[in-house]
Amino acid sequence: MANLLSGLRVLDLSQGVAGPMTAMLLADHGASVVRVDPPVPGAFAELPGYRVWNRGKRAVSRDLKTPEGARLFDELVASADVLVEAYAPATRKRLNLDYTRLSALNPRLVQCSISAYGEGNSHSERPGYDALVAARCGLHWEKRGWVGGGINRQAGLPPMFDDLEVPPGSVEGPERDGPLFFGLPLPSIGAFYLASTGIQAALYVRETTGRGQHVQTSLLQGAFSALIGGWQRIERTDMPFLQSWIFDGRAPLFNFRCKDGVWVHAWVPNPSWTLAMAELDSLDDAPDEVVAGTSHRDDPDRLGPDPENLVVVQYYHPLMAEAFAKFPAAEWLRAAARKGVPLQEVRPPAQALADPWWRKDGCVVELDDPAEGPIRMVGRTFSTGPDTGFPQAAAPSGTVDAAEIGWDAPRPPGTEPKPVPASPLAGVRVLDLGVAIAGPYGCQVLGDLGADVVKVNALHDGYWQSTHVAMTANRNKRSLAVNLKDPRGLAVLHRLVAEADVVQHNMRYDAAVRLGVDEATLRAIKPDLVYCHTRGFEQDGPRVGLPGNDQTGAALAGVEWEDGGVDDGGRPIWSRVNFGDTGNGFLSAIGIMQALAHRARTGEGARVDTSIVYAQLLAASGTFLRGDGTEPGRPRLDAGQFGLQALYRLYRCRDDRWLCLAAVTDAHWTALTAVLGDGGDEATAVRGLAGDPRFSDAASREANDAELAKLLEEFFATADAEDWAARLDAAGVPAEVSSETFSLGVFDDPEMTDRRWVAKFEHPYVGSFESIGLGIDFSETPGVLWGPPPVVGEHTPEVLREFGFTAEEITELTDAAVLRTWRPGEPVLPQR
């Protein structure tokens, strides 16, 4: 099967991280991508990730600031399908890249603009570096989480168990207060997913209308996408099952160092099994009946998410740490595999890229790079059929002439005007059979784009659906509650499949076969079905049958290693804001829309496959592995999680607030030294900084980074954070105060509510429910926010009537406990 984007023409006019990654994903799926380089490379050009993110592209050089360069660029625009650019709104205007002008040249053009903060708001022209966006919106504070979790904090209530003191070593991250820097560019990763989703949605709309549109997103919206589970303002915070200890900043998340010094992540924690194994003399020699025994789900002390378990977590954590220290990691991993316990090794990115099973799977590939030779990097991250989605070629080593591109013929004008749909996926029917977060989140993305999503719930799902975690992934859906293990319930689903466009799930595939929802069964009912299956791990190998989740994927792919500063002696950390489950959901939605566009052209269905580890590999894709087993030099997070280097990190100021600095160019350095040298008596410690040979150029500053950081720590401690921010702003040095309060005002900010970047609903169980809203702005087909996460069974009769069921059939199946219907005024939770 050919890549579904073959023949698509893409211009990549972006720098930074999000834009190049977006264009890379298009190239991986067959698009012809031409990177438009400026005459002078930007500040990001030397990032090792560029050898990854620019793969499969060709490059031309154009100076858009000259009339000739602009004319030549316009010729490319006239022949393109997609333009990806990442300029600040004012810069985009100066370069004459407004969509009105470009769409006049090419009405079929889909222009994707990725900025730092979006257009026309009070943040729009702030410096757009990942660290600064994270600081401005308070993302750094969310990495470890707040004491008591975010729900009570947003509601203005005291933390749960506010008198609980936790012992040293039990919290995530370094033993210090304050915000924590990320090892990965989280806002850009979120913006990459949003941009990729928006482009694919606009291309699907173009199949109907023949016309393109302007798609916009930002690093701020990317950061918001990571915060969807942490930023929720809920009226009735005391409802049973709603809250969880998992997002409490005092809670350990069960990374353990084994006897051989190797770290493992035990998630979900199973203390009874772990402590029983520690009583053995050898894990490998123990008989199966001892190691395997009953299912780990029957562990009487398996730690559920209820807030009260925070006390239990604190009791078991040191006992489990002592247990894991008794045996080497390999023994624990083998025992866990025999038992079916979710446990995986925490690996650095280099070890992840050397994984032979991932190489066989294709989620890691080796390309012959013209600058580096053979290098390994993240590979296929979703497929729409056999042999699709693989990188096409290494990154280019130079530019080519325009004649070599082969885009001579301009794209034909749009067809006669056709009705524009109300939303990108209006009229698309989706059956969501997903569980937990990874599956349902992808269908929520489709629902935000206007698809009619039916959440197929089990009858007992009410407890899970009442948690704030489940509420992050289930808005804009209708709930059908049906027992699929009953043949009559399965027959109901099969009748729905006959009229559906998409079926998506993330259960293990052997379970899907047993249940009768595997691809072969459903495609026999609906031959042109788009069938999407997402997984925890790779497609084949020893991990396939094991339980996988966000945490185990982050451990294996190198995300926890990078975010913990482990190379510098830190401890691995599972950040409470990340793109594992949700990244997997985005990938499934992108693949589904690609398949829907293909079906619109050909009438053929497709199968979409992706996994959590693929998303985590994408998050850690800013490096590669050479043939000799070494990585390129790159900035790495320090053990204290202050930053990546002295000029790109957090500093504590005199008022105990924190300043985030991003002085990434020589011009920034010069301006910074001028500010530091203008501090009167306070500047004594650094008065000679500009002329100090240790810091005379970028290479010297890198070699003496620790000394520079120490000097800057002392200096920034002499004044308040806001004072520093004002002085640095005036001098043109990029910096932001790390905000502790941005999140507390976000739901009342007209700039956010008017743009629908935050959402508000009335929910039958929790009352007023506010959360992160839409992450993509479309010029022609806006997204939708029509309903809160549903109560299980809330829409059962309504959905079945639309699919042709009679009132008598619905009543009979309900009386037989095959269906459940919830009506307003009834208890939300199933009655025991």
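Residues numbered from 1 in each chain as written. Predicted model: local features only at pLDDT ≥ 70, side-chain atom pairs only at ≥ 80, totals over all residues. Heavy atoms only, no water.

A. Spotlight on the overall build of the protein. When helices and strands are counted, the protein shows 33 helices and 28 strands. The globule rule puts the C-alpha radius of gyration for 832 residues at 28 Å, and the 26 Å found for the protein is close to it. Expressed as lengths along the three principal axes of its C-alpha atoms, the size of the protein is roughly 85 × 70 × 50 Å. Long-range pairs, those at least 24 residues apart, make up 78% of the contacts in the protein between residues at least 6 apart in sequence. Accessible area of the protein: about 29800 Å², with a carbon and sulfur share of 53%. A gap of 3 Å separates the mean positions of the 78 positive and 111 negative side-chain charges of the protein. (Helix = DSSP H or I, 4+ residues; strand = E, 2+ residues; numbered from the N terminus. Rg over C-alpha atoms; globule rule 2.2 N^0.38 Å. Contact = heavy atoms within 4.5 Å. Areas by Shrake-Rupley, 256 points an atom, 1.4 Å probe, with all protein chains shown as cover. Lys, Arg positive; Asp, Glu negative; His and termini not counted. Charge placed at Lys NZ, Arg CZ, Asp CG, Glu CD.)

B. Region of the structure containing the pattern of salt bridges. In total, this model carries 57 salt bridges according to the counting rule given. E519 is the salt-bridge partner of R523, the closest N and O atoms lying 2.9 Å from each other. Pair noted here: R523 and E519 are both in helix α21 (residues 519-525), with a separation of four residues, about one helical turn. With respect to class, R523 is no different from E519; both count as buried. For the salt bridge of E562 with R634, the shortest nitrogen-to-oxygen distance reads 2.6 Å. (Salt bridge = Lys/Arg side-chain N within 4 Å of Asp/Glu carboxyl O. Buried < 20%, exposed > 50% of the residue type's maximum accessible area, 1.4 Å probe, protein only.)

C. Molecular detail of the sheet that holds strand β12 (residues 373-378). Judged by pairing direction, the sheet is antiparallel, and its three strands sit side by side in the order β11-β12-β20 without closing on themselves. What marks the edges here is a single partner per strand, and that holds for β11 (364-369) and β20 (625-626). The pairing of β12 with β20 spans two bridges and is antiparallel. The residue bridging I375 from the neighbouring strand is R626, located in β20. (Pairing = 2+ DSSP bridges.)

D. Local environment of the pairing of strand β17 (residues 502-505). What you see with β17 is no split at all: V502 and Q504 on one side and V503 and H505 on the other are buried throughout. As defined by bridge partners, strand β14 (residues 429-432) adjoins β17 across three bridges and the pair is classed as parallel. Note on β17: the bridge partner recorded for L431 is V503. The pairing of β17 with strand β18 (residues 530-535) spans four bridges and is classified as parallel. Looking across to β18, one finds that H505 is bridged to H533.

It is worth stressing that arrangement in space is one thing and function is another; only the former is reported here.
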